Amino acid sequence: MIDLTFFNEKKILVTGHTGFKGSWMCRTLVGAGAEVTGYSLEAPTDPNLFVMADLEERMNSVIGDIRDLEKLSRVFEDTRPEIVIHLAAQPIVRDSYKEPVYTYETNVMGTVNICECVRKNNSVKSFLNVTTDKVYENKEWEWGYRENEPLDGYDPYSNSKSCSELVTHSYKNSFFTDGRVAVSTARAGNVIGGGDFANDRIIPDCVRAAKERKDIIIRNPFSTRPYQHVLEPVMAYLMIVKEQYGDPGLQGYYNVGPDETDCVTTGELVDMFVQRWGEGLKWIDQYDGGPHEANFLKLDCSKLKTTFGWKPRWSVAEALDKTVEWTKAWFAGENIAEVMDRQIGEFVSVEQ
C-alpha cells in the first residue's frame, strides 16, 4: 500500500491537471493534504471530470498553455514546487493525424519547457514525465516491451511522446547529474475509469452509447491493449516520485501496465462492459477506414515490480466494475467527488 501521508503539505505541481488522469491525480493528492498547483489548458471535454471532482476551490488551478515558457516559468517561481508530475499532452492518436504540428509542439516543446523550469528551480527534488506505452517501436510481437527496447512511435502522437522521452533523457544527462533532482519517465498502458469523456476512446464511446441507448461502434475489436484502471498508473506515479524523492538512485524509466492476463482485445473489453451495464446494450463491428493504429501492444513491467515491489491491484474486470459503478452514479446524480474518494480509498486499502 502506498503511504499517501508522505504528500501531506508537500508542494506539488501537476501539469495537465484538468484532464482525466490529472483530475484523478489531483483528487488523490488533495485528499492526502498536499499543496497542489495545476497548470493546464481549460478542461478538454464537456462534461469534464475536473469540475465534477470539486477541485477548483481546493487547489491552485492555473490555466495556461504548456507551450508558453514565460507563463510556466512564473508559476514555478511563484509556487516553488518540490515535486513535479508532467501529464500535459495532446493524447489522442487520431487527433495527432489531424493536427501533427500542434501535437509535436505540445508533446515535445512542452516537455522542453517543463524540463527547463525544473532546471532553473532548485526547489524541485523529484520530477516525473508521464509518457505512454506507445513510445516503443511496435513490432506487433506477442511479448511485452521492456524499457531498453528502441523508441520509435509510429503516428505523430506516439512519435512525439518518444521524442518527449529523449528530451527528458538529454536534460537528465546534461543538467541533473549532480543529484539535485531525481528524474524518471513512466510509460503507461491504456487507462479506463469513471469520468473519461474523450473522443476516440473505447470506454467513453461505450458510455455515450449507453446514455443515448444506441449500439456501441467498435473500429477494431481484435486490437490488444494493456487496459488498466486509471488509479493504477496514478498510484504508480506517486510511488515513483515519493521513492526517488528519498533515494535518487531509484530514478529511471518505468513501464506501468497490467499483468498479461489483463491485456485483452477491444472486443473482449466491450463484452465485459456490456455484461456489467445490462439494459440490452450491445456493440457492432464497423471499421471506418481510419489511420494506422497498432494491433498488438503489451508491456513488461518487471522493472517496476522488482525495484519497488509493486504489482497491479485491480484486474481489468474489477476496473470495469468501478467504471460502471462510477458512471451509473453520475447518471443518478450522485456526488462525484464522494464517489471518487470512495474508490480511491478502496484502491489504497487493497491487500497486495
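Residues numbered from 1 in each chain as written. Predicted model: local features only at pLDDT ≥ 70, side-chain atom pairs only at ≥ 80, totals over all residues. Heavy atoms only, no water.

Quick look at the overall build of the protein chain now. Across its full length, the protein chain holds 12 helices and 13 strands. Its C-alpha radius of gyration of 19 Å places the protein chain within 12% of the 20 Å reference for a compact globule of 352 residues. For the protein chain, the spread of C-alpha atoms along the principal axes amounts to about 60 × 45 × 40 Å. Within the span of the protein chain, comprising 352 residues, buried residues form 59% of the whole. (Helix = DSSP H or I, 4+ residues; strand = E, 2+ residues; numbered from the N terminus. Rg over C-alpha atoms; globule rule 2.2 N^0.38 Å. Buried < 20%, exposed > 50% of the residue type's maximum accessible area, 1.4 Å probe, protein only.)

Where like charges cluster on the molecular surface, the negative patch consists of Glu42, Asp54, Glu56 and Glu57. Take glutamate 42: it is sitting in the loop between strand 2 (35–40) and helix 2 (49–52). Among the residues examined, glutamate 42 registers a relative accessible area of 57% and is labelled exposed. (Patch = residues over 30% accessible without salt bridge, like charges linked within 9 Å, V, L, I, M, F, W, Y side chains within 5 Å. Areas by Shrake-Rupley, 256 points an atom, 1.4 Å probe, with all protein chains shown as cover. Salt bridge = Lys/Arg side-chain N within 4 Å of Asp/Glu carboxyl O. Lys, Arg positive; Asp, Glu negative; His and termini not counted. Charge placed at Lys NZ, Arg CZ, Asp CG, Glu CD.)

This part takes up the pattern of salt bridges. Inspection of every chain in the model, using the stated rule, returns 23 salt bridges. Close ionic contact of glutamate 279 with arginine 213 constitutes a salt bridge, the shortest N to O distance being 3.7 Å. Taken together, the positions of glutamate 279 in the loop between helix 9 (266–277) and strand 13 (283–285) and arginine 213 in the loop between helix 7 (202–212) and strand 8 (216–218) put the pair 66 residues apart, joining distant regions of the chain. The same class applies to glutamate 279 and to arginine 213, which are both exposed. In this structure, glutamate 243 and lysine 242 form a salt bridge, with 2.9 Å as the shortest nitrogen-oxygen distance.

In this section: the packing of aromatic side chains. Across all of its chains, the model carries 14 aromatic pairs by this definition. Here the aromatic rings of tyrosine 254 and phenylalanine 308 are separated by 5.2 Å at their centres, their planes lie at 55°, and the arrangement is tilted. Highlighted residues: tyrosine 254 in strand 11 (residues 253–256) and phenylalanine 308 in helix 10 (residues 302–308), separated in sequence by 54 residues. Put simply, the rings of Phe197, Phe273, Trp277, Trp326, Trp330 and Phe331 touch in pairs and so form one group of aromatic residues. Its end group placed over the ring of tyrosine 245, lysine 10 keeps NZ or CZ at 5.6 Å from the ring centre. Positioned above the aromatic ring of phenylalanine 175 is the side chain of arginine 119, whose terminal nitrogen or guanidinium carbon lies 4.9 Å from the ring centre. (Phe/Tyr/Trp six-rings, centres within 6.5 Å; stacked < 30°, edge-to-face > 60°. Lys NZ or Arg CZ within 6 Å of the ring centre and 35° of its normal.)

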